[in-house]
Amino acid sequence: MNILIIGSGGREHAFAWKIAQSKKCEKLFVAPGNAGTIQVATNVDIKVDDFEGIKNLVLSENIGMVVVGPEDPLVKGIVDFFKADKKLRKIRIIGPDASGARLEGSKDFSKAFMQKHGVPTAFSETFTKDTLEAGLAYLDKQTGPYVLKADGLAAGKGVIITENKEEAKASLKEMLTEGKFGEAGDKVLVEQFLNGIELSVFVLSDGKNYVILPEAKDYKRIGEGDTGLNTGGMGAVSPVPFADAAYMQKVEDLVVKPTMAGLQAEGIHYVGFIFIGLMNDNGNPMVIEYNARMGDPETEVVLPRIKTDMVRLLQAAADGKLDKIKISVNPKSAVTTMVVAGGYPEAYKKGDLMEIPVAEKDTVIFHAGTNTTSEGVVTNGGRVIALTGMGRTMASAVRKSQKMARNIKFKKKYFRKDIGKDLMKYLEK
Ligand code: AMP
Ligand code: GLY
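Everything numeric here is computed off the predicted structure, so don't read it as measured data.

**Q** What should I look at first to understand the packing of helix α7 (residues 132-141) against helix α8 (residues 165-177) in this one?
**A** Helix packing geometry: the angle between the two helix axes and the distance between the axes. At a closest axis distance of 10 Å, the pairing of α7 and α8 adopts a crossing angle of 160°. With respect to their mutual orientation, α7 and α8 come out roughly antiparallel. Handedness of the α7/α8 crossing: right-handed. Seen from α7, the contacting residues are Leu 132, Gly 135, Leu 136, Leu 139, Asp 140 and Lys 141; seen from α8, they are Lys 165, Ala 168, Lys 169, Leu 172, Lys 173, Leu 176 and Thr 177. A breakdown of the residues in the contact of α7 with α8 according to their chemical character gives six nonpolar, two polar and five charged.

This is the structure we're talking about:
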């Protein structure tokens, strides 16, 4: 079968790397891809939301399965576009339709969904321009830290957390009346602050059955010790030491099952990945958010641990046959370190020439923001390259990942040196 992956980040390189290993995969394409995906696939310069361009490619290359990496095309309805087209209708596409992607595309919708279907989550109230005064009065009655969330997609930047009440009020005003996050901020959720440690749980759904993939922990802030601005993710670890079998059973019973039942009750036929962002509040999983896709950089540690043939798994999801699959997981630890361009997540430079050594034993290099030029591989984004190390212990995986990160060369590179450090205490117990 010929396969197309849509996207251009580390997540999509990880999918390409894994799918290319399958005997079921004949020709592999990535649109638009990066300097890493080109090693295992053919890159095609089509934007992720150019549905007509994607259609032409799918038909001309006889593609049998499309894997959608990022949320944008899902929220914009790429799956609905396929289902409405006579020639595309039968082609397997991995990702939810627009109604399912609302789990990520609207925080107001996903909060209401969780409340309605009994999924544990922080209490929250939603405000609009017309109810700004009520929102300010609501904040007055709360104690900090205050959590404000723009309803729509804001590239991971739509959440403001502050201890300062006046700042929270000013932010609410800016979001609702000054368009701080554009349309995404037309509705704002004011949410109860949750204490604890975060965990990313991944579910692959066929609309009825599901499999739970290995869990991961992401490192979201730019600075060591989880300080500074939020980023797309600076590193990830899988497995996560505190997420033992008993905890994961709790997650399945309290979160995954009601989520799947809720989707069915709402008439949403969800085919694809559900990424559940959890806060572990003293052993109790609380849902912070849903995403309608895999996480990045979590995919760079989750896929290397999956031993099952990826095409077989995705095909089963598209065909409603996940009940026939039991996934096999490598017990080894995987750790990835994301090397970013200096300045990220604020302004940074693109186009710097890179030196990338060959991957050492038990390591995989996943390109994120890179591009191929006549001079060689250059940086092409804020998050540039993810270095995944595998080891029998988390500590050895960390060492391999960090060593590779040190060996990558380009101007003003930066990476966190504390990936996994906060989890060591769970291993010493
Ligand atoms: P989100 O875009 O909803 O994932 O939020 C971005 C980040 O803000 C999360 O990864 C958490 O670190 C943090 N966050 C979101 N909601 C809460 C909350 N209710 N309590 C504490 N931290 C939160
Ligand atoms: N790493 C977090 C995300 O993909 O949203």
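**Q** For this particular structure, what's the right way to read the site of ligand 1?
**A** Around ligand 1 sit 14 residues, and of these Glu 191, Gln 192, Leu 194, Glu 198 and Glu 289 come closest. In this structure, Glu 191 approaches ligand 1 through a side-chain N or O atom, which is 2.8 Å from a nitrogen atom. Glu 198 is positioned such that a nitrogen or oxygen atom in its side chain is 2.4 Å from an oxygen atom of ligand 1. With the chains in place, 92% of the 470 Å² that ligand 1 exposes on its own is no longer accessible. Among the secondary structure elements, those contributing two or more residues to the shell around ligand 1 are β7 (146-150), β8 (159-162) and β17 (284-291). Here the residues of the shell around ligand 1 are counted per class, giving seven nonpolar, one polar and six charged.

**Q** Could you clarify how one ought to interpret the pattern of salt bridges in this entry?
**A** Two side chains bearing opposite charge may form a pair once their charged atoms approach each other closely. The tally for this structure, following the rule as stated, stands at 27 salt bridges. Across the pair Asp 108 and Lys 187 runs a salt bridge whose closest N-O atoms are separated by 3.2 Å. In this pair, Asp 108 is assigned in helix α6 (residues 107-117) and Lys 187 in strand β9 (residues 187-191), connecting sequence segments 79 residues apart. Its relative accessible area of 33% is what places Lys 187 among the partly exposed residues. Across the salt bridge formed by Glu 191 and Lys 149, the nearest N and O atoms sit 3.2 Å from each other.

**Q** Explanation requested: a nonpolar patch on the surface in the structure shown.
**A** Residues Val 159, Ile 161 and Phe 193 make up a contiguous nonpolar surface patch of about 230 Å² in total accessible area. With respect to the secondary-structure elements, Val 159 resides in strand β8. Given the relative accessible area of 31%, Val 159 is considered partly exposed.

**Q** Sorry, what's going on with the site of ligand 2 here?
**A** Neighbouring residues of ligand 2: Asp 218, Gly 232, Phe 275, Arg 293, Gly 295, Asp 296, Pro 297 and Glu 298. Taking Asp 218, its side chain carries an N or O atom lying 2.8 Å from a nitrogen atom of ligand 2. Gly 232 is positioned with one of its backbone polar atoms (N or O) 3.1 Å from a nitrogen atom of ligand 2. Against a free-state accessible area of 200 Å², the protein chains account for coverage of 89% of ligand 2. Class assignment of the residues belonging to the shell around ligand 2 gives a composition of two nonpolar, two polar and four charged.

**Q** I tried to follow the pairing of strand β15 (residues 235-238) on my own but got confused; where do I start?
**A** Two faces make up the sheet, and in a regular strand the side chains alternate between them. Here β15 shows two buried faces, one formed by Gly 235 and Val 237 and the other by Ala 236 and Ser 238. Pairing analysis gives two bridges linking strand β12 (residues 217-218) to β15, with the strands arranged antiparallel. Note that in β15 the partner of Asp 218 across the bridge is Ala 236. The pairing of β15 with strand β18 (residues 333-341) spans four bridges and is classified as antiparallel. Bridging from a neighbouring strand, Val 237 pairs with Val 335 of β18.

**Q** Honestly, the side chain of Arg 11 in this entry has me stumped. Any pointers?
**A** Along the chain, Arg 11 turns up in helix α1 (residues 10-19). In this structure the side chain of Arg 11 is engaged in a polar contact, spanning 2.9 Å, whose partner is the side chain of Glu 12. At 2.9 Å, the side chain of Arg 11 forms a polar contact with the backbone oxygen of Met 294. Other than its neighbours up to four places away in sequence, Arg 11 contacts Gly 69, Pro 70, Arg 293, Met 294, Gly 295, Asp 296, Thr 299 and Glu 300.

**Q** Can you help me understand the environment of Gly 272 in this one?
**A** By the secondary structure assignment, Gly 272 is in strand β16 (residues 271-281). Assessed through its relative accessible area of 0%, Gly 272 is described here as buried. Residues Gly 272 and Asp 206 lie 66 residues apart in sequence; the distance between their C-alpha atoms is 6.7 Å. Not counting residues within four places of it along the chain, the set of residues in contact with Gly 272 comprises Ile 94, Gly 95, Val 203, Leu 204 and Ser 205.

**Q** Hey, could you run me through α6 in this one?
**A** The periodicity of an α-helix, 3.6 residues per turn, causes residues three or four places apart in sequence to face the same way. Considered for burial, the residues of α6 that qualify are Lys 107, Phe 109, Ser 110, Lys 111, Phe 113, Met 114 and His 117. One or two steps after α6, the chain reaches Gly 118, where phi turns positive at roughly 70°.

Scoring rules and cut-offs
- Residues numbered from 1 in each chain as written.
- Chains lettered and ligands numbered in written order.
- Predicted model: local features only at pLDDT ≥ 70, side-chain atom pairs only at ≥ 80, totals over all residues.
- Heavy atoms only, no water.
- Axes fitted to C-alpha atoms, helices over the stretch in contact; angles between N-to-C directions.
- Helix = DSSP H or I, 4+ residues; strand = E, 2+ residues; numbered from the N terminus.
- Parallel < 35°, antiparallel > 145°, perpendicular 65-115°, else oblique.
- Left-handed = near helix turned anticlockwise from the far one by under 90°.
- Contact = heavy atoms within 4.5 Å.
- Nonpolar A, V, L, I, M, F, W, Y, C, P; charged D, E, K, R; others polar.
- Near = heavy atom within 4 Å.
- Polar contact = N/O pair within 3.5 Å; in protein donor to acceptor, adjacent residues only side chain to side chain.
- Areas by Shrake-Rupley, 256 points an atom, 1.4 Å probe, with all protein chains shown as cover.
- Salt bridge = Lys/Arg side-chain N within 4 Å of Asp/Glu carboxyl O.
- Buried < 20%, exposed > 50% of the residue type's maximum accessible area, 1.4 Å probe, protein only.
- Patch = residues over 30% accessible without salt bridge, like charges linked within 9 Å, V, L, I, M, F, W, Y side chains within 5 Å.
- Pairing = 2+ DSSP bridges.

Any link to function would need more than the numbers given here.
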